[in-house]
Amino acid sequence: MEEARKSCLLVNAPLIHRATSRVPFSVLKYAMTLDGKIATTSGHATWISSKKSRNRVFELRGRSDAIIVGGNTVRKDSKHGGGHTPIRIVMTQTFNLPEEANLWDISDVSTIVVTQRGARRSFQKLLASKGVEVVEFDILNPREVMEYFHDRGYLSILWECGGTLAASAISSGVIHKVFAFVAPKIIGGKNAPSPVGELGMVEMSQALDLIDVCFEQVGPDMLISGFLQPVPDLVPVIPSEDETFAIDPSITPYESRIIFFYKTWDPYGAFSNFSPHPIQMPDGSGAYATWSSVEHYYQAHKFVGVDEPVAKDCVEKIKFAKSPEEAARMGRSMQKQRPDLVRSDWEGLKIDVMYRALKCKFSIYPHLQSMLLSTAGSVLVEASPHDLFWGGGREGEGLNYLGRLLMLIRSEFLGECSSPSEITCEAL
């Protein structure tokens, strides 16, 4: 049983890691010689590994949404090929890239360049004219970039970069698994590059040990793979009997079933704030406006009423965000970068903001209200492993306020609450 459970965790590692860490499942792949080099001192690296190993790499790419490369890889103009071709992501701090490169040809697959804000504006315009998307970051680091692509819906990313970027990604904690192809070759060279750059380690006790290591001979090469981070074992929180009964008296202790929801494609995914159900709610000026989702409304209201042009602009941008994920990213990012722009009463008001948005959503869509009422007597738990306030947390430490609010609204629809005015933080 334990082996079967472990196998299930490993098979679902991309989905689990993405859900728990809020970054795509990331695999670092490299080929090196027996003496730990990924190229000669001149930079020549064609080919270190065998054709059979390179075919295995094509398989890895076929399971990835995107490939990340650094500026050096672009300057060497490496060309990918064979089967499914993932989106190419170029990560460059200085934008010191050649004007002509295979990566700028987007006739078969898209290329996205992520860079520091303000870098080489004229070159950005040139790439844009070729159809290459450029995304600027105030702080360019692997963690911020991966959070951004998580919000865009990416599940799995393959890192095929040089040692400097690989070290930065490992240090940022975004690399989950490593695939190392070791070729039975020796090239030497004091200054020949290695697959991972400086990590600041001075003692062997600081070394990173791989987990669930596998060894496989691929042609003349040896493939060594393993996880840098253990696959989390997700156990959604279950509210206590007393807490649950206080929220929804229709729930009978010991006889109730538990309904977990999280992703919009789950059976009860419509309970998620990210479900595509527009609502009509005040926009802060008193006028009613259409919000594309509950998440749009909630994130924008962190900044509603703040008498600052940046805050007002943020509300508008969130309101018209292309997706709930984008709205969430914008709201969280601004809250982290500019906490001074968040309304001063937000912590005491956010539950009421969420309640009003949810009540509107389940009032105007009859099929959603029917779905909610069909769960009568059941405990509702948002199975978010990373949100300790709205979700259940990873190990049951979360407060599950989203599930509690939904059960409260369900009780109101069933006529089991005296009046909406009784909805207070204390009641929750």
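From a predicted model like this one, the values you see are computed outputs, not experimental measurements.

**Q** Explanation requested: the pairing of strand β9 (residues 221-227) in the structure shown.
**A** Looking along a regular strand, one sees side chains alternate from face to face of the sheet. For β9, a buried count of five out of seven residues is recorded, marking the element as mostly surrounded by other parts of the structure. Sheet analysis places strand β8 (residues 211-218) next to β9, joined by six bridges and oriented antiparallel. Residue pairing for β9: Q217 is matched across the bridge by M222. The turn linking β8 back onto β9 is made up of two residues, and G219 within it adopts a positive phi angle of 60°.

**Q** Please explain helix α12 (residues 346-364) as it appears in this structure.
**A** One turn of the α-helix equals 3.6 residues, which is why residues spaced by three or four share an orientation. Here α12 is 19 residues long and its end C-alpha atoms lie 26 Å apart, about the 27 Å a rise of 1.5 Å per residue gives. Taken together, the buried positions of α12 are W346, K350, I351, V353, M354, Y355, A357, L358, K359, C360, K361 and F362. Check the buried side of α12 and you find it contacts β11 (279-282), α9 (294-300), α11 (324-337), α13 (366-373) and α14 (401-413).

**Q** Help me understand the side chain of H301 in this model?
**A** Counting through the fold element by element, H301 comes out in the loop between α9 and α10 (309-319). By relative accessible area, H301 is classed as buried at 5%.

**Q** Could you clarify how one ought to interpret unusual backbone geometry in this entry?
**A** In most cases, non-glycine residues show a negative phi, while peptide bonds are predominantly trans. A cis amide bond, omega -10°, links T46 with the succeeding residue W47. Relative to the assigned elements, W47 resides in the loop between β1 (25-33) and α3 (51-62). In the Ramachandran plot, D212 falls in the positive-phi region, its phi being about 50° despite a non-glycine side chain. Position of D212 relative to the elements: it lies in strand β8. The backbone of N400 sits at a positive phi, close to 55°, despite the residue not being glycine. Among the structural elements, N400 can be located in the loop between β13 (379-382) and α14.

**Q** Honestly, the confidence of the model for the protein chain in this entry has me stumped. Any pointers?
**A** Atomic detail in the predicted coordinates should be set aside for any region of low pLDDT. When pLDDT is averaged along the protein chain, the result is 83, and 85% of the positions lie at 70 or above. Ignoring residues within four places in sequence, the model shows residues 75-81, a span with pLDDT below 50, making 15 contacts including any to other chains. Low pLDDT (under 50) marks residues 417-428, which in the prediction has 15 contacts with non-local residues, meaning those over four places away or in another chain.

Scoring rules and cut-offs
Residues numbered from 1 in each chain as written. Predicted model: local features only at pLDDT ≥ 70, side-chain atom pairs only at ≥ 80, totals over all residues. Heavy atoms only, no water. Buried < 20%, exposed > 50% of the residue type's maximum accessible area, 1.4 Å probe, protein only. Helix = DSSP H or I, 4+ residues; strand = E, 2+ residues; numbered from the N terminus. Pairing = 2+ DSSP bridges. Expected span 1.5 Å × (residues − 1). Contact = heavy atoms within 4.5 Å. pLDDT = per-residue confidence, 0-100.

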